Amino acid sequence: MNIHVLGGGPAGLYAALLLKKSHPDWEIEVTERNPRDATYGWGVVFSDRTLSGLHEADVRTSTQITDGFVLWEAIDVHFRDELVRCDGHAFAGIGRKKLLNILQERCVELGVSMRFETEVADPDELRQSCDLLIAADGVNSRTRATYAQTFQPSTTEGRARFVWYGTDKPFDAFTFIFRDTEYGLFTVHAYPFDATTSTFIVECHEATWRNAGLDRMDEAESMAYCQSLFSDHLGSHQLLSNRSLWLSFTTLKCRRWVHENVVLLGDAAHTAHFSIGSGTKLALEDSIALAQAFEQHDDLRAALRSYEQARRPRVEATQRAAAESQRYFENVRRYRTYEPIQFAFHLLTRSGRITFDNLRGRDPYFVADVERWYQTSANDKQPAIVPPPPLFAPLALRGITLPNRVVMSPPPTFDATDGVPDVTRADAMQRLASGGAGLVLTGPVAVSAQGRTTPGDAGIYTDAHRDCWSEIVEQMHEASPAIVGITLAHAGRRGSTRVRTTGLDRPLREGNWPLLAPSPIPYGPGSQVPTAMRCDDFAMVEQQYITATERAIAAGFDVLQIDMAHGGLLASFLSPLSNQREDDEGGDLLHRMRFPLRVLDAVRAVWPADRPLLVAIPATDWQRGGLRTTDGIEIAKAVYAHGCDLVTVHAGQTTPEAQPRYDFETLAGYADLIRNEAGVPTMSTAYMTTSNQANTLLAGGRCDLVLYSPRMGR
Amino acid sequence: MKLGIGLPNTVSGASGSDVLDWARMADVGPFASVGVFDRLVYDSLDPMMTLAAVAGTTQRVRLVTSVVIGPLRNPVVLAKEAATLDVLSGGRLTLGLALGARRDDYEAAGIDYADRGKKLDEQLRVLRDTWEDGRIGPAPVQPGGPELIVGGLDDAAFARASRYADGFIHNGGPPRIFARSVDKARAAWLDAGRPGQPQIWGMAYFALGEDEAKAGREYLLDYYAFTGPFAERIADGLLTTPQGIIQFIRGYAEAGCDHLILFPTNADLTQLERLSEVVGS
């Protein structure tokens with residue numbers, strides 16, 4: 001076989017040497033456009049897992065690489081003039097030039113021929129002259145461009161600017177430095193790669209970059225600026241430039257990596273944000289996978305297919321984590337008021353790959369510090385000597401203290417009669433309280449008969465309902481320390497449907513009642529057309545909420561939640577998809593919020609000042625033309641300003657056409673976004689299956705409460 | 001977790017008596033159900049017609065379409081067929097529906113491929129309404145109509161299942177992948193405010209014996225050739241040893257599967273016998 005490798009970077013060289021080693025009779029030639037010793041960037045980082053992969057693939061180079069490595073275990077986070085260190089992370093760094101030298105030597109030893117300073121003008125000509133063309137020609141790959149129709153590359157430009165320096169200061173840890181300036185926040189990612197030199201990347205938001213005038217500075221001026229900005233860390237050491245210019249990070253993905261006898265490797269096929277340090281790691285692992293594919297398949301096409309199949313899921317997983325990490329650094333301003341210990345925890349768990357329990361395994365003392373801090377900040381009293389995990393920290397809201405962060409709600413049953421809850425409801429709620437929930441919330445309780453979703457919904461619109469709830473609350477208070485809350489709801493245009501045992505939003509076969517909504521738009525196909533609310537209706541619904549609140553007080557509830565999510569009446573005012581009014585209650589978001597806020601004001605005025613009030617809001621409609629997360633943030637700010645103490649973050653359900661996401665991360669991300677962008681405490685409704693997930697969210701300040709459902713358990 | 005076995009209705013060359021004998025054996029064997037696949041442009045037997053015949057030759061097992069490509073069929077006609085099948089089988093039908101992955105099936109049937117998701121939504125709505133309102137008989141034996149499950153890979157499928165159906169059917173894969181889908185199906189169910197839990201169904205292929213495993217692999221590579229390189233991953237998932245089958249069954253049970261159907265890759269009855277031996281105890 002006759003193989004041509006385009007590009008003499010780590011991917012190309014490593015693939016060449018691995019293939020030559022297994023198949024000494026194959027002709028393998030590497031072409032590189034730059035001189036032998038030219039290289040950009042400074043050092044590269046590997047985890048211990050990558051290292052063992054290298055060892056298995058080729059012991060000779062692996063030994064040399066390992067000898068050339070500096071190893072370290074700590075991550076240092078410098079934030080607000082404090083240092084937080086977390087240990088137990090195995091890292092290894094090596095100079096890029098040194099790595100290339102090792103790979104080049106091994107290529108020579110095995111008989112791979114290498115040509116430097118050689119341009120290949122037409123990859124297609126080269127492809128036809130060999131059996132296999134390995135395109136490892138980097139992020140600006142000419143080969144990829146030549147066969148763009150097959151590879152279908154797509155790129156996303158990052159919103160931050162970064163510059164890649166070296167420094168003669170040896171760091172002893174993977175070091176993050178955050179520096180708040182009058183222009184905005186600067187971040188440094190620094191790590192050692194040999195005994196005397198480190199990589200030093202400076203990153204900031206594009207606006208910060210412009211504000212600081214860096215867009216108008218040349219290479220030397222920029223470096224001088226950074227040198228002075230971080231002089232306290234650099235001391236007498238110097239920043240070093242190697243054509244170090246400000247860039248924005250481009251993430252590259254390709255639909256295919258194989259075209260006929262051409263295969264993409266490394267940066268030519270994919271890139272992943274530098275903040276998880278994975279570019280070279282991915283490149284070398286690509287090479288290993290390609291070599292392995294040729295061990296398993298004699299047929300060229302089958303080998304290439306198998307390479308792509310084996311690598312794609314791994315690469316995509318890394319790209320997902322890298323994208324999370326990138327997003328974190330682009331939005332890190334959001335967390336600038338955090339305490340350093342929580343800031344560090346949030347940073348370490350940013351990509352979703354490292355959790356609370358992972359960190360406990362790596363550095364139990366660090367996690368104990370996090371727990372101690374969390375417990376102390378949650379509770380003004382003397383911190384516990386053995387602090388519990390965040391899940392078990394109390395939370396004070398107004399005059400009420402929840403004993404822990406777990407919120408549960410009984411599953412829906414639709415067994416109420418004329419709004420009177422079935423007696424089994426008391427047992428269901430009781431079980432959750434004795435099962436350890438700090439706050440037990442009822443499911444949606446209708447404020448009027450008209451506001452019920454189905455004839456089986458419970459309500460609180462008669463004195464009989466009040467007495468029934470009163471009994472339930474009293475029983476719960478007697479039997480457990482749990483706090484008990486009620487969720488007030490009005491179904492709006494989702495009302496008058498069959499119980500949900502056979503599906504959602506199916507109108508009753510007979511006995512339908514008329515529906516209220518901001519506009520006469522039915523919820524879905526087959527749904528009843530609601531009546532657009534008029535002046536009297538607003539006063540009537542407001543009064544229903546007030547009366548329901550008075551009954552909730554009389555029934556003894558500790559917490560009250562208003563449901564402004566789930567496509568109900570108040571939710572339908574918020575969304576432009578369902579609110580198309582032309583009066584003061586419709587139009588832009590401010591106007592669409594008017595009626596929901598009027599209800600909130602009315603309830604807050606009646607609900608005791610020492611008891612907390614929650615509001616469930618949609619973070620987004622998950623639908624084109626609907627509410628977006630920026631609206632979700634505004635809604636959270638507004639309800640908070642109107643006396644809500646904590647928002648419960650839901651999403652979707654405004655219409656049946658929404659495109660929901662059911663992974664844990666998405667909803668958890670919304671709770672984080674709203675909490676830290678709007679500055680409002682949040683409850684996450686992410687689909688939690690383990691306490692590890694809950695602790696990771698809480699300790700990172702992504703939410704303050706977690707809604708937990710026993711029905712998610714395996 | 002209950003265990004079912006697939007009928008060889010999409011195994012090319014399987015004769016009518018092969019399929020009916022297979023169903024009869026399954027009915028006396030340790031299986032809770034028999035499943036059928038649906039492909040239009042392929043040498044295969046129609047799933048609804050197959051189950052109609054099987055309804056007459058079996059007494060006990062549930063009859064499961066896993067799945068029928070919904071949008072290829074007129075919703076009201078399908079509602080009547082399903083109700084009929086439920087009547088003929090004495091209430092043993094589980095109707096699984098999904099979009100299918102083959103464009104050529106849609107083209108051959110003259111059905112627009114682009115809005116197939118919307119079509120399936122509409123169909124699911126019509127099925128329930130037809131079964132319940134009694135204008136178009138027969139009345140199904142199962143109250144409210146045959147058990148209805150929805151398949152698919154993405155969040156839209158979980159949303160659809162929780163909006164209209166009684167549960168979700170996964171298209172196959174190792175237990176670890178399956179478990180992730182179970183979490184999402186449950187999340188969708190919670191989000192929708194449905195009472196109880198969704199019924200979770202899973203499926204896989206088996207071929208017991210050395211030659212049979214080799215042939216089974218070839219069959220899958222051919223049957224799934226339209227998926228490109230993914231066919232290889234499906235073929236790699238073929239269960240070929242008793243140990244592999246037991247481990248797989250346990251993995252699915254632990255991940256929360258309620259009902260797993262194992263499909264053959266050839267119509268030879270000894271396959272059913274061997275599987276019975278493995279799972280019988």
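Structure first, text after, so check above.
Predicted model, so just to flag it, every value in this text is computed and none were measured.

Participant: Got a minute to help me understand helix H2 (residues 47–57) of chain B in this structure?
Facilitator: Residues and elements named next belong to chain B. For H2, the full list of buried residues reads Pro47, Met48, Thr50, Leu51, Val54 and Ala55. Down the axis of H2, the sector holding all buried residues measures 155 degrees, keeping them to one side. In this structure, H2 carries Met49 and Gly56 as exposed residues pointing more than 90 degrees from its buried face. Packing partners of the buried residues in H2 comprise helix H1 (16–28), strand S2 (33–36), strand S3 (62–69), helix H3 (75–88) and strand S4 (93–98). The N-cap of H2, judged by a side-chain oxygen 3.1 Å from the amide nitrogen of Met48 a few residues on, is Asp46.

Participant: What should I look at first to understand the nonpolar core in this one?
Facilitator: Of all hydrophobic cores here, the largest spans 147 residues; its most connected members are Ile245 and Leu262 of chain B. Looking at this core, the element that brings in the most residues is helix H23 (residues 664–678) of chain A, giving 8 residues. When neighbours within four sequence positions are excluded, Ile245 of chain B is seen to be in contact with Phe206, Leu208, Leu239, Leu262, Leu275, Val278 and Val279 of chain B. In terms of nonpolar packing, the next biggest core, distinct from the first, is built from 69 residues, Ile28, Met114, Leu300 and Ala322 of chain A among them.

Participant: Can you walk me through the sheet that holds strand S8 (residues 113–115) of chain A in this structure?
Facilitator: Each strand in a sheet pairs with its neighbour through backbone hydrogen bonds, running either in the same direction (parallel) or in the opposite one (antiparallel). Residue and element names in this part refer to chain A. Strand order in the open sheet formed by 6 strands is S8-S2-S1-S9-S18-S17, with mixed pairing between adjacent strands. The sheet terminates laterally at S8 and strand S17 (258–259), the two strands that pair on one side only. Against the sheet, helix H1 (residues 10–22) touches strand S1 (2–6), strand S2 (27–31), S8 and strand S9 (132–135), its axis set at about 170 degrees to S2.

Participant: Explain the side chain of Ser287 of chain A here, please?
Facilitator: Residues and elements named next belong to chain A. Structurally, Ser287 can be placed in helix H11 (residues 279–296). One polar contact links the side chain of Ser287 to the main-chain carbonyl oxygen of Ala283, over a distance of 3.1 Å. Each residue touching Ser287, except ones within four places of it in the same chain, is listed here: Ala11, Tyr14, Ala15, Leu18 and Leu265.

Participant: Is there a simple way to think about a positive patch on the surface in this case?
Facilitator: On the surface, Lys253 and Arg320 of chain A together with Arg176 and Arg180 of chain B cluster together into a patch of positive charge. With respect to the helices, strands and loops of the structure, Arg176 of chain B is situated in helix H7 (residues 175–191). Judged by its relative accessible area of 57%, Arg176 of chain B is exposed.

Participant: Where do I start with the packing of H1 of chain B against H2 of chain B in this structure?
Facilitator: Geometrically, a packed helix pair is captured by the angle between its two axes and the distance between the axes. All names here are of chain B. At a closest axis distance of 9 Å, the pairing of H1 and H2 adopts a crossing angle of 50 degrees. Taken together, H1 and H2 sit at an angle that is classed as oblique. Here H1 runs over H2; the crossing is right-handed. Seen from H1, the contacting residues are Val19, Leu20, Ala23 and Arg24; seen from H2, they are Thr50, Ala53, Val54 and Thr57. Considering only residue class, the contact of H1 with H2 consists of 5 nonpolar, 2 polar and 1 charged.

Participant: Would you explain the pairing of strand S7 (residues 199–206) of chain B in this entry?
Facilitator: On a regular strand, each side chain points to the face opposite its neighbour's, so the side chains alternate between the two faces of the sheet. All names here are of chain B. Of all 8 residues in S7, 7 are buried, a share of seventy percent or more. As paired elements, strand S6 (residues 167–169) and S7 share 3 bridges and run parallel to each other. Paired with Gly167 across the strands is Gln199, a residue of S7. Taken together, the 6 bridges between S7 and strand S8 (residues 259–264) define a ladder with parallel strand orientation. Pairing of Trp201 across the sheet is with His259, part of S8.

Participant: How do you make sense of the packing of aromatic side chains when you look at a structure like this?
Facilitator: The description of two aromatic rings rests on the distance between their centres and on the angle between their planes. Residues and elements named next belong to chain A. Taken as a whole, this structure holds 45 aromatic pairs over all chains when the rule is applied. When the ring of Trp26 is compared with that of Phe294, the centres are 5.6 Å apart and the planes differ by 85 degrees; the resulting orientation is edge-to-face. In this pair, Trp26 sits in the loop between H1 and S2 while Phe294 sits in helix H11, placing the two residues 268 residues apart along the sequence. With respect to class, Trp26 is no different from Phe294; both count as buried.

Participant: Can you walk me through the packing of helix H22 (residues 629–641) of chain A against H23 of chain A in this structure?
Facilitator: All names here are of chain A. Where H22 meets H23, the closest approach of the two axes is 9 Å, and the angle between their N-to-C directions is 55 degrees. On the basis of the axis angle, H22 is oblique to H23. Considering how the two elements wind past one another, H22 and H23 form a crossing that is right-handed. The residues of H23 that touch H22, namely those facing Thr629, Gly632, Ile633, Ala636 and Lys637, are Tyr670, Leu673, Ile674, Glu677 and Ala678.

What counts as what
- Residues numbered from 1 in each chain as written.
- Chains lettered and ligands numbered in written order.
- Predicted model: local features only at pLDDT ≥ 70, side-chain atom pairs only at ≥ 80, totals over all residues.
- Heavy atoms only, no water.
- Buried < 20%, exposed > 50% of the residue type's maximum accessible area, 1.4 Å probe, protein only.
- Helix = DSSP H or I, 4+ residues; strand = E, 2+ residues; numbered from the N terminus.
- Arc of directions from axis to C-beta.
- Contact = heavy atoms within 4.5 Å.
- Polar contact = N/O pair within 3.5 Å; in protein donor to acceptor, adjacent residues only side chain to side chain.
- Core = buried A, V, L, I, M, F, W, Y, C linked by side-chain atoms within 4.5 Å.
- Pairing = 2+ DSSP bridges.
- Axes fitted to C-alpha atoms, helices over the stretch in contact; angles between N-to-C directions.
- Patch = residues over 30% accessible without salt bridge, like charges linked within 9 Å, V, L, I, M, F, W, Y side chains within 5 Å.
- Areas by Shrake-Rupley, 256 points an atom, 1.4 Å probe, with all protein chains shown as cover.
- Salt bridge = Lys/Arg side-chain N within 4 Å of Asp/Glu carboxyl O.
- Lys, Arg positive; Asp, Glu negative; His and termini not counted.
- Charge placed at Lys NZ, Arg CZ, Asp CG, Glu CD.
- Parallel < 35°, antiparallel > 145°, perpendicular 65-115°, else oblique.
- Left-handed = near helix turned anticlockwise from the far one by under 90°.
- Nonpolar A, V, L, I, M, F, W, Y, C, P; charged D, E, K, R; others polar.
- Phe/Tyr/Trp six-rings, centres within 6.5 Å; stacked < 30°, edge-to-face > 60°.

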